[in-house]
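Chain by chain, the residues run as shown.
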Amino acid sequence: MNIKTIEQQIEQSFIEKLTGLKYEYRSDITDRAALEKNFRERFEALNRVKLTEAEFARLLDEIVTPDVFAAARTLRSINAFTRDDDTPLNYTLVNLKDWCKNHFEVINQLRINTDNSHHRYDVILLINGVPVVQIELKTLGVNPRRAMEQIVEYKHDPGNGYSKTLLCFMQLFIVSNRDRTYYFANNNARHFAFNADERFLPIYEFADEDNRKITQLDEFAERFLKKCGLGRTISRYMVLLAGEQKLMIMRPYQVYAVQHMVKCIDDDNGNGYIWHTTGSGKTLTSFKAATLLKENDHIHKCVFVVDRKDLDRQTREEFNRFQEGCVEENTNTAALVRRLLSEDYADKVIVTTIQKLGLALDENSKRNKQRSKNGQATYKEQLEALTDKRIVFIFDECHRSQFGENHKAIKTFFPKAQLFGFTGTPIFEANASLQKIEDTQASMRTTEDLFQKQLHAYTITHAIEDGNVLRFHIDYFKPEEPPRPCGAPLQGRGIGEALAKKAVIEAILAKHDAATGGRRFNAILATASINDAIEYHALFKTMQADKQAADPDFKPLNIACVFSPPAEGDPDVRQIQEDLPQEQADNEEDPEGKKAALKAILADYNARYGANHRLGEFDLYYQDVQKRIKDQQWPNADYPPAQKIDITIVVDMLLTGFDSKFLNTLYVDKNLKHHGLIQAFSRTNRVLNGAKPYGNILDFRQQQDAVDAAIALFSGEKTGEQAREIWLVDKAPVVIKKLETAVQKLDDFMKSQGLACTPSAVVNLKGDDARAAFITHFKEVQRLKTQLDQYTDLTGENKAAIEQVLPEENLRGFKGQYLETARKLREQRGRGGDKPGSDDPVDQLDFEFVLFASAVIDYDYIMGLIARFSEKGLGKSKMSREELIGLIGADAKFMNERETIAEYIGTLKAGEGLSEAAIRDGYARFKAEINAKELAAIAARHGLATAALQTFVDGILDRMIFDGEQLSDLMAPLDLGWKARTQAELALMEDLHPLLTKRAGGRDISGLSAYEQ
């Protein structure tokens, strides 16, 4: 039975499942006209109106848009339309009040038949005639990312239905091979693409409350596609991010948490807390809960309470990202009180800090005393009017300052309030540090003490299993013991004991490039005190200067340092320090010395980054440091290495609540335990792409017992041993064994093709099936090698074993062959067009290039190497012409330029003695000549003036926008009829498309995708 027949059977059985769920099957809707006719009938019935032909044509013209975000907003809004007689019609596309009351229909094998589109869409679900969900059914074994990529390709096709027809309202895509089912939100191209850095679309598997995956298609349909459930998902659990013009769908665990909170409030059933691990999107969950509560008439206010000034700003920005302007800035306590008393619907959800709320309720605060003195009502007296109102308080990261008087004051003052807490690391009895005293009985202050009951849990164990956060690689660093005289006792260090700082820095300098993937990522060094941080900052400076003096090739790391200054009455700094116990205590001793040291650190930072930060505006400096860590963004073309921070030295700061995908390493020279340890480790494990396989921890204090205890405490339902297996990556020997197996499979495959397992043999592979198999085999080899490259604890024995399994020279050769083969196959797939139902292995291939690009080997590095090749006499790191070309060929960044660079190197003579500046100028000229020849040949082929074509191409690359009108102007001198001109344009673009793509160097040219072949 062929693949097409199998897919048809899966489709038929799926449609039967949906009709069993009371969807109406419309076998008559197979083309655009039938789709629009059905939509018109549903629209007219819902809005109780009869449109004329002209009105319906105009309505379609108004609502159909290539902008996914605009279409999503129209779907969820009451919209206005002017009828032919100038009377207004306010209409909706679906029943917004009760989504369950809409018509739910299923259609299949729809063919839109626009000018250039040949696609059939497997199964589409219609709500009130509007196509909102597309299901693509695949056979077993198709990689879900490839299935996603196919949908992206459909959307980029010229004449696709998504931009020119009712398909623009598509909200969700579902991909299933019957056993595995995935879903993801539709979006505009900038959020819906497989880009050069391979930051892939967020893709979800459905799960039940216990996080059991529901991936079999029929069970998925039963749980996810029931009519009312689907209506709820689209109307309540998708979020439109106005600032980014982006659609987001909530993950299953986020939905369950919101449902539990809403039910608890509807039933007026006390307080509760949500345990959702760090990195799982707590802010989105709490935002959605808050906005759903906005619709609840029984609730007077929903107050979202955060801690610390930077979190206040960060959370407000996050909320406003979800819905523009939904939270205004509370600059002071008076503004908070005014908004709490306001009856305005816009003030129903308020974001504030626990400190401001505490000040409002504290009769003894300076402001309240001043108001009493002036004969004004205190804030507390003004708020008396709210004591009998139902107010919901949601505490983000509920363990920052809530173990204090503020929490008690809120509970006492608002007796009808319901309190909900979100935490990534709950406080259990084992990790509680505060006691509560009741009568004579003392017990620990746990999360349960504060919030009564756990409403939902999604632990780090769940998140790692789901791939929502990364696992950890922990290197418990042991310095090499110096030789000891015979009979002398072993020195050894105790657990938690500090190493000499120089030894720590030596180890960091030796391991940093490996840990961070060649400085592609950045790191934090957590120190035990402000004095330690100051000392480390100074030592890094002197030790790196010494290293550079001894070795001119040494590239120093950019080191920043951040700790809070002595507060000295500054309320902003005091607020920041409430959650920084070590820094608060440290600043009480020798505050002047601390200030002087921080000023010197700021001066160093200003000099390095061309900034102008001052101690008096510490918060701006703190924000700048955070921004640089978050903007690590590779490749270096976007953000030069000089602007990046490699290591940030901290004491307490940045170890909780700070997120950056580009931070992957934590150096630990302080004692950590329980929730503090988990919070600190979790800074490193945000998911990015294949170049970041895990979060790296290098512990200089031998704290394995503390790590094991923390894992056991926060492992959820798993035992400590099970959790350790999930949380921690395999030890190096295990991964080396996997690498050996992957290399053996590659070897077996090459032999099965009658070839030796060598890079040079790859070009002799016959047929696309064999080339596709090579891509799949070698990608697995490289994935494991990337993982091992970032291990900081490889022994000499480990390194020798890796070299034996896969010699470096062989690896480089295979990388070059992978890139060349992948490039050709990808171009071929682009030309052939993906054929739905195709079992061609090339169509199913999932290319990955991010694993094949070094962060160290950039354009500057290559120019330096070429200059050395040209140096007179014997250079220190001489490379032959072949080695140099091999290095360039093995790096994905140079895919589009490798032949040009290789040709240029071919024109140079070893030992010619050219400077690096001369090499750069020479290459720029060489490239310009090649480009000019290439363009002149295209111009001649199509009968165009070379200068006019050059101007056209330069204009596109300057603006990164393809302008169809300018193409028409370019073709005008040919004086062709409409039909002939269209053919001439398409023929020209067939030649220009690859040239423009190549010269754009991986950046997107807006509008060019219409000409993808």
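Residues numbered from 1 in each chain as written. Predicted model: local features only at pLDDT ≥ 70, side-chain atom pairs only at ≥ 80, totals over all residues. Heavy atoms only, no water.

1. Quick notes on the overall build of the protein chain
- Along its length, the protein chain carries 39 helices and 24 strands.
- Here the protein chain holds 1013 residues, and the buried ones make up 54% of them.
- Long-range pairs, those at least 24 residues apart, make up 72% of the contacts in the protein chain between residues at least 6 apart in sequence.
- Surface accessibility of the protein chain: about 44,200 Å² in total, with carbon and sulfur atoms responsible for 49%. (Helix = DSSP H or I, 4+ residues; strand = E, 2+ residues; numbered from the N terminus. Buried < 20%, exposed > 50% of the residue type's maximum accessible area, 1.4 Å probe, protein only. Contact = heavy atoms within 4.5 Å. Areas by Shrake-Rupley, 256 points an atom, 1.4 Å probe, with all protein chains shown as cover.)

2. A look at the pattern of salt bridges
- Counting across every chain of the model gives 47 salt bridges.
- The shortest N-O distance in the salt bridge between glutamate 222 and lysine 17 comes to 2.7 Å. You can see glutamate 222 sitting in helix α7 (residues 217-224) and its partner lysine 17 sitting in helix α1 (residues 3-20), a full 205 residues away along the chain.
- Ionic pairing is found between aspartate 789 and lysine 785, a salt bridge with its closest N-O pair at 2.6 Å. One end of the pair is aspartate 789 and the other is lysine 785, both in helix α29 (residues 768-789) and four residues apart, which spans about a single turn.
- Under the relative-accessibility criterion, aspartate 789 is labelled partly exposed at 37%.
- Overlapping salt bridges, with partners in common, bring together Glu24, Arg26, Asp28, Arg42 and Glu105 in one network. (Salt bridge = Lys/Arg side-chain N within 4 Å of Asp/Glu carboxyl O.)

3. Considerations on the packing of aromatic side chains
- Following the criterion strictly, the structure yields 33 aromatic pairs and no others.
- Aromatic ring contacts, followed pair by pair, group Tyr183, Tyr204, Phe206, Phe220 and Phe224 into a single cluster.
- The residue whose ring lies beneath lysine 501 is tyrosine 536, and the NZ or CZ to ring-centre distance is 5.7 Å. (Phe/Tyr/Trp six-rings, centres within 6.5 Å; stacked < 30°, edge-to-face > 60°. Lys NZ or Arg CZ within 6 Å of the ring centre and 35° of its normal.)

4. Description of the confidence of the model for the protein chain
- With 84% of its residues at a pLDDT of 70 or more, the protein chain shows a mean pLDDT of 83.
- Here residues 833-837 is a poorly scored stretch, pLDDT under 50, and it has 13 contacts once near neighbours within four places are set aside; other chains count. (pLDDT = per-residue confidence, 0-100.)

5. With respect to the side chain of arginine 683
- Turning to its location among the elements, arginine 683 is positioned in the loop between α25 (674-681) and β24 (695-699).
- From its side chain, arginine 683 meets the backbone oxygen of leucine 655 in a polar contact 3.2 Å long.
- The contact partners of arginine 683, leaving out residues within four places of it in the chain, are Thr278, Leu654, Leu655, Thr656, Gly657, Phe658, Asp659, Ser660 and Leu663. (Polar contact = N/O pair within 3.5 Å; in protein donor to acceptor, adjacent residues only side chain to side chain.)

6. Observations concerning the pairing of strand β22 (residues 647-650)
- Of the two faces of β22, both are covered, the one formed by Ile647 and Ile649 as well as the one formed by Thr648 and Val650.
- As judged from the four bridges shared by strand β20 (residues 522-527) and β22, these two strands associate in the parallel manner. What sits directly across from alanine 526, in β22, is valine 650.
- The pairing of strand β21 (residues 559-562) with β22 spans four bridges and is parallel. Within β22, the residue paired with isoleucine 559 across the bridge is isoleucine 647. (Pairing = 2+ DSSP bridges.)

7. Comments concerning the nonpolar core
- The biggest cluster of nonpolar side chains holds 101 residues, and the ones touching the most others in it are Phe393, Phe540, Phe681 and Trp727.
- Here phenylalanine 681 is in contact with Phe472, Ile474, Leu666, Val668, Leu672, Ile697 and Val707, once residues within four sequence places are set aside.
- Formed by 80 residues, the second largest nonpolar core is a distinct cluster that contains Phe81, Ile127, Tyr162 and Cys168. (Core = buried A, V, L, I, M, F, W, Y, C linked by side-chain atoms within 4.5 Å.)

8. Here's the deal with unusual backbone geometry
- Of note in this structure, aspartate 268 is not a glycine but carries a positive phi near 50 degrees.
- Inspection of the secondary structure assignment puts aspartate 268 in the loop between α9 (252-266) and β11 (272-276).
- Backbone geometry places aspartate 590, a non-glycine residue, at a positive phi of 45 degrees.
- Along the chain, aspartate 590 falls in the loop between α22 (581-586) and α23 (591-609).
- The exposure class of aspartate 590 is exposed, given its relative accessible area of 53%.

9. Quick notes on the sheet that holds strand β1 (residues 24-25)
- Spatial strand order, β1-β4-β5-β6-β7-β8: six strands in an open sheet with mixed pairing. Each edge of the open sheet is held by one strand with a lone partner, namely β1 and β8 (181-185).
- In this structure, β1 lies alongside strand β4 (residues 104-111), joined through two bridges in parallel fashion. Residue pairing across strands places glutamate 24 opposite glutamate 105, the latter belonging to β4.

10. Looking at the sheet that holds strand β18 (residues 454-458)
- If you walk across this open sheet you meet the six strands as β13-β12-β14-β15-β11-β18, and the pairing is parallel. Two strands close off the open sheet at either side, each with one partner strand: β13 (349-353) and β18. Averaged over all adjacent pairs, the angle separating strand axes in this sheet is 15 degrees, with direction ignored.
- As judged from the four bridges shared by strand β14 (residues 391-395) and strand β15 (residues 418-423), these two strands associate in the parallel manner. Each bridged residue has a counterpart across the sheet, and for phenylalanine 395 the counterpart in β15 is glycine 421.
- Sheet strands in contact with helix α10 (residues 282-294) are β11, β12 (301-306), β13, β14 and β15, and its direction is about 175 degrees off that of β14.
- Where helix α13 (residues 354-361) meets the sheet, its contacts fall on β12, β13 and β14, and the angle it forms with β13 comes to roughly 90 degrees. (Axes fitted to C-alpha atoms, helices over the stretch in contact; angles between N-to-C directions.)

11. Some remarks on helix α2 (residues 32-46)
- For α2, spanning 15 residues, the distance from its first C-alpha to its last is 21 Å, which sits close to the expected 21 Å at 1.5 Å a residue.
- What α2 keeps buried is the set Ala34, Leu35, Glu36, Asn38, Phe39, Arg40, Arg42, Phe43 and Glu44.
- For α2, the secondary structure elements touched by its buried residues are β1, α3 (53-63), β3 (88-91), β4, β5 (120-127) and β6 (130-137).
- Positive phi shows up at arginine 48, right after α2, with a value of about 50 degrees. (Expected span 1.5 Å × (residues − 1).)

12. As for the state of the cysteines
- Counted under the stated rule, the structure contains one disulfide.
- Across a sulfur-sulfur distance of 2.0 Å, cysteine 100 and cysteine 228 are joined as a disulfide pair. Placement of cysteine 100 in the loop between β3 and β4 and of cysteine 228 in helix α8 (residues 227-236) is noted, with a sequence separation of 128 residues between them.
- Residue classification places cysteine 100 among the partly exposed positions, given a relative accessible area of 32%. (Disulfide = S-S within 2.5 Å.)

13. Quick notes on the packing of helix α37 (residues 946-959) against helix α38 (residues 964-971)
- Packing of α37 against α38 brings their axes to within 10 Å, and their N-to-C directions diverge by 170 degrees. Here α38 runs roughly antiparallel to α37, going by the angle between their axes. Of α38, the residues touching α37 (which contributes Ala948, Leu949, Phe952 and Arg959) are Gln966, Leu967 and Leu970.
- Across the contact of α37 with α38, the residue classes tally to five nonpolar, one polar and one charged. (Parallel < 35°, antiparallel > 145°, perpendicular 65-115°, else oblique. Nonpolar A, V, L, I, M, F, W, Y, C, P; charged D, E, K, R; others polar.)

14. Focus: the side chain of threonine 446
- The topology assignment puts threonine 446 in the loop between β17 (441-444) and α17 (447-451).
- Of the residues examined, threonine 446 reaches a relative accessible area of 7% and is grouped as buried.
- Excluding its chain neighbours within four sequence positions, the residues that come into contact with threonine 446 are Ile427, Phe428 and Glu429.

15. Here we look at a negative patch on the surface
- On the surface, Asp362, Glu363, Glu381 and Glu384 cluster together to form a negatively charged patch.
- Within the fold, glutamate 381 resides in helix α15 (residues 379-383).
- When its relative accessible area of 41% is taken as the criterion, glutamate 381 is described as partly exposed. (Patch = residues over 30% accessible without salt bridge, like charges linked within 9 Å, V, L, I, M, F, W, Y side chains within 5 Å. Lys, Arg positive; Asp, Glu negative; His and termini not counted. Charge placed at Lys NZ, Arg CZ, Asp CG, Glu CD.)

16. Considering the environment of alanine 72
- Within the fold, alanine 72 resides in helix α4 (residues 68-75).
- Alanine 72 gets classed as buried once you look at its relative accessible area, which sits at 0%.
- Counting along the chain gives 175 residues from alanine 72 to leucine 247, while the straight-line C-alpha distance between them is 8.1 Å.
- Those residues in contact with alanine 72 that sit more than four places away from it in its chain are Gln171, Leu240 and Leu247.

17. With respect to the environment of phenylalanine 926
- Tracing the sequence through the fold places phenylalanine 926 in helix α36 (residues 916-941).
- Phenylalanine 926 sits 25 residues away from isoleucine 901 along the chain, and the two C-alpha atoms are 9.2 Å apart.
- The contacts of phenylalanine 926, once residues within four sequence positions are left out, are Thr900, Glu903, Tyr904 and Thr907.

18. A word on the packing of α2 against α3
- Between α2 and α3, the shortest axis-to-axis distance is 12 Å and the interhelical angle comes to 100 degrees. Compared by their axis directions, α2 and α3 come out roughly perpendicular. The segment α2 lies against α3, with Glu36, Phe39, Arg40 and Phe43 engaging Glu53, Phe56, Leu59, Leu60 and Ile63.
- Class assignment of the residues belonging to the contact of α2 with α3 gives a composition of six nonpolar, no polar and three charged.

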